[in-house]
Amino acid sequence: MPLNSQLISLLDQGMVLDITLEDLPFRVYVAQRPADVEQVASLVPAERFQADGNVHVAAIHDTDDASEQIQDMLFNLSPGDTIVFLCTGPQAYADTLAEFGQSSGDIAIS
């Protein structure tokens, strides 16, 4: 499935990306954080919850197959959805960003 991503902003240990998948736009948050739903509210602005579309959340651990989890998540999206990947370790974070064509070597800012 052809996927394009564009870095929108850097977070403290994270990135906000706009992706296009089969000509449909989505917002993606990738952050190295604990697998805790409370983390989502600190990453995603309130207006994303109020906009059309759903907010999907997945935890990715260092031992997980990030590619498989991302593909499963992308398969179930509707236009306007927001996806949050909480990566619980540095390898999961790097693997997840790599799937979107980004590098974890970028300097993160808050």
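Up top is the structure.
Cut-offs and rules
- Residues numbered from 1 in each chain as written.
- Predicted model: local features only at pLDDT ≥ 70, side-chain atom pairs only at ≥ 80, totals over all residues.
- Heavy atoms only, no water.
- Buried < 20%, exposed > 50% of the residue type's maximum accessible area, 1.4 Å probe, protein only.
- Helix = DSSP H or I, 4+ residues; strand = E, 2+ residues; numbered from the N terminus.
- Arc of directions from axis to C-beta.
- Contact = heavy atoms within 4.5 Å.
- Polar contact = N/O pair within 3.5 Å; in protein donor to acceptor, adjacent residues only side chain to side chain.
- Patch = residues over 30% accessible without salt bridge, like charges linked within 9 Å, V, L, I, M, F, W, Y side chains within 5 Å.
- Areas by Shrake-Rupley, 256 points an atom, 1.4 Å probe, with all protein chains shown as cover.
- Salt bridge = Lys/Arg side-chain N within 4 Å of Asp/Glu carboxyl O.
- Lys, Arg positive; Asp, Glu negative; His and termini not counted.
- Charge placed at Lys NZ, Arg CZ, Asp CG, Glu CD.
- Pairing = 2+ DSSP bridges.
- Right-handed = clockwise from strand over helix to strand, strands pointing away.
- Axes fitted to C-alpha atoms, helices over the stretch in contact; angles between N-to-C directions.
- Parallel < 35°, antiparallel > 145°, perpendicular 65-115°, else oblique.
- Left-handed = near helix turned anticlockwise from the far one by under 90°.
- Nonpolar A, V, L, I, M, F, W, Y, C, P; charged D, E, K, R; others polar.

Draft legend 1. Spotlight on helix α3 (residues 66-75). All of the buried residues in α3 are A66, I70, M73 and L74. Summarising the axial view, the buried residues of α3 lie within an arc of 95°, below the 170-degree limit, and thus occupy one face. Among the structural elements, β1 (3-11), β2 (14-21), β4 (55-60), β5 (82-87) and α4 (90-99) are those in contact with the buried residues of α3. You can read the cap of α3 off the contacts: a side-chain oxygen lies 3.2 Å from the backbone nitrogen of S67, and it is on D65.

Draft legend 2. Representation of a negative patch on the surface in the model. A contiguous patch of negative charge on the surface is contributed by D65, E68, D72 and E99. Residue position: E99 is located in helix α4.

Draft legend 3. Region of the structure containing the pattern of salt bridges. This model, assessed by the stated rule, comprises 1 salt bridge. When the shortest N-O distance is used, the salt bridge between D18 and R27 registers 2.5 Å.

Draft legend 4. Representation of the pairing of β5 in the model. Counting buried residues in β5 gives 6 out of 6 residues, a clear majority hidden from the surface. Taking every second residue as pointing to the same face, both faces of β5 are buried, with T82, V84 and L86 on one and I83, F85 and C87 on the other. Bridge analysis of strand β3 (residues 24-32) against β5 gives 6 bridges, and the strand direction is parallel. Each residue of the ladder has a partner; that of V30, found in β5, is F85. Here β4 pairs with β5 via 6 bridges, running parallel. Paired with A59 across the bridge in β5 is L86. Note on the crossover from β4 through α3 to β5: the handedness is right-handed.

Draft legend 5. Up close: the packing of α3 against α4. Running from N to C, α3 and α4 cross one another at 50°; their axes reach a closest spacing of 9 Å. Accordingly, the angle class assigned to the pair α3 and α4 is oblique. The handedness of the crossing between α3 and α4 comes out as right-handed. Contacts between α3 and α4 involve A66, S67, I70 and Q71 from the former and D95, T96 and E99 from the latter. Counted by class, the contact of α3 with α4 contains 2 nonpolar, 3 polar and 2 charged residues.

Draft legend 6. Inspection of the sheet that holds β1 at higher detail. Strands sit in the order β1-β2-β3-β5-β4 across an open sheet of 5 strands; the sheet is mixed. Among the strands making up the open sheet, the edge pair consists of β1 and β4. Geometrically, the sheet is characterised by an average inter-axis angle of 20° between neighbouring strands, direction not taken into account. Contacts from α3 reach β1, β2, β4 and β5, with the element oriented near 165° to β4. Of the strands in this sheet, β1, β2, β3, β4 and β5 are in contact with α4, which crosses β3 at around 160°.

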